[in-house]
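Descriptive analysis of the structure
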Amino acid sequence: LDAEWRISKHFILYPNPCPKKKVFKNRWYAHPSFPLILKLGGEEILIRSNWEGYLKEFAKSIDYAHQFYSRRDREDFALPYLQDAHNGPVERLDKTIALTNFEKKYDACGERTHE
């Protein structure tokens, strides 16, 4: 964080949602590193998944982080991502470019993916 990196975009592509409660903290938004991702900055966090629920939960976490920073009169590292979080996930309609092999496989079999 002290290296003054300039990050324009974060990519979190097809994370494992870890549906079991005992491994919930393995999800990006529930992991202790989540505030660091926000603090690194950037104009956008691009998250893609075939599980829309994961993206909705991630969006709620952005909102919770915003509320946390606001109540403590701290710099709000969630603010750049808040509008996208409120807009919620959308189905990925442009299937011309797959960013991962998972995405290519999902596109080929017609499975819906979201971002």
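For the structure itself, look to the data block above.
Here goes a summary of the coordinates provided. (Residues numbered from 1 in each chain as written. Predicted model: local features only at pLDDT ≥ 70, side-chain atom pairs only at ≥ 80, totals over all residues. Heavy atoms only, no water.)

Comments concerning the overall build of the chain
As a reminder, the rule being used: Numbering of helices and strands runs from the N terminus, with a helix taken as a DSSP run of H or I at least four residues long and a strand as a DSSP run of E at least two residues long. Buried, partly exposed and exposed residues are distinguished by accessible area as a fraction of the type maximum, computed with a 1.4 Å probe on protein chains only: under 20%, between the cut-offs, and over 50%, respectively. Should any heavy atoms of two residues lie within 4.5 Å, those residues are considered in contact. Only the protein chains shown count as cover for residues, with accessible areas throughout obtained via the Shrake-Rupley method and a probe of 1.4 Å.
Helix and strand content of the chain: four helices and two strands. For the chain, the α and β elements follow one another from N to C terminus as β-α-β-α-α-α. With the principal axes as the frame, the chain shows a C-alpha extent of 50 × 35 × 25 Å. Relative to its full complement of 115 residues, the chain shows a buried share of 34%. In the chain, the share of contacts with a sequence separation of at least 24, taken over all contacts with a separation of at least 6, comes to 66%. Surface exposure of the chain reaches about 7,900 Å², of which carbon and sulfur atoms provide 53%.

Details of the environment of Ser 70
Here Ser 70 shows up in helix H2 (residues 52-71). Separated by 17 residues in sequence, Ser 70 and Asn 87 have C-alpha atoms that sit 20 Å apart.

Here's the deal with the packing of aromatic side chains
Put simply, the rule reads: Between 30 and 60 degrees the pair is tilted, below 30 it is stacked and above 60 it is edge-to-face, where a pair is any two Phe, Tyr or Trp rings, Trp via its six-membered ring, whose centres lie within 6.5 Å.
Using the criterion set out here, one finds nine aromatic pairs in the structure. Ring geometry for Tyr 29 and Phe 58: centres 6.1 Å apart, planes at 85°, overall edge-to-face. A residue pair is termed long-range when its members are at least 10 positions apart, and Tyr 29 in the loop between strand S1 (9-13) and helix H1 (34-39) and Phe 58 in helix H2 qualify at 29 residues. Grouping residues by exposure puts Tyr 29 and Phe 58 together as buried.

As for the nonpolar core
Rules: Nonpolar cores are built from buried Ala, Val, Leu, Ile, Met, Phe, Trp, Tyr and Cys residues. Side-chain atoms within 4.5 Å join them into one set.
Within the largest apolar cluster, 19 residues are counted, with the highest numbers of intra-cluster contacts made by Phe 34, Leu 38, Ile 45, Phe 58 and Ile 62. Residue assignment for this core shows that the elements contributing at least two residues are H1, strand S2 (44-48), H2 and helix H3 (79-87). With seven residues, H2 is the single largest residue contributor to this core. Ignoring any residue separated from it by four or fewer positions in sequence, one finds Phe 58 in contact with Ile 12, Trp 28, Tyr 29, Phe 34, Ile 45 and Ile 47.

Here's the deal with the side chain of Asp 76
Inclusion rule: In this tally, Lys and Arg are treated as positive and Asp and Glu as negative; His is ignored, and so are the chain termini. We count a salt bridge whenever a side-chain nitrogen from Lys or Arg sits within 4 Å of a carboxyl oxygen from Asp or Glu. Contacts described as polar in this section are N or O atom pairs within 3.5 Å, which, within protein, must combine one atom able to donate a hydrogen with one able to accept it, while residues neighboring in sequence count only if both atoms come from side chains.
Counting through the fold element by element, Asp 76 comes out in the loop between H2 and H3. One buried charged residue, Asp 76, forms no salt bridge at all, with the nearest opposite charge on Arg 74 at 11 Å. In terms of polar contacts, Asp 76 uses its side chain to reach the side chain of His 66, at 2.3 Å. Within the structure, the side chain of Asp 76 is placed 3.0 Å from the backbone nitrogen of Ala 78, a separation counted as a polar contact. In contact with Asp 76, other than residues within four places in its own chain, are His 66, Tyr 69 and Ser 70.

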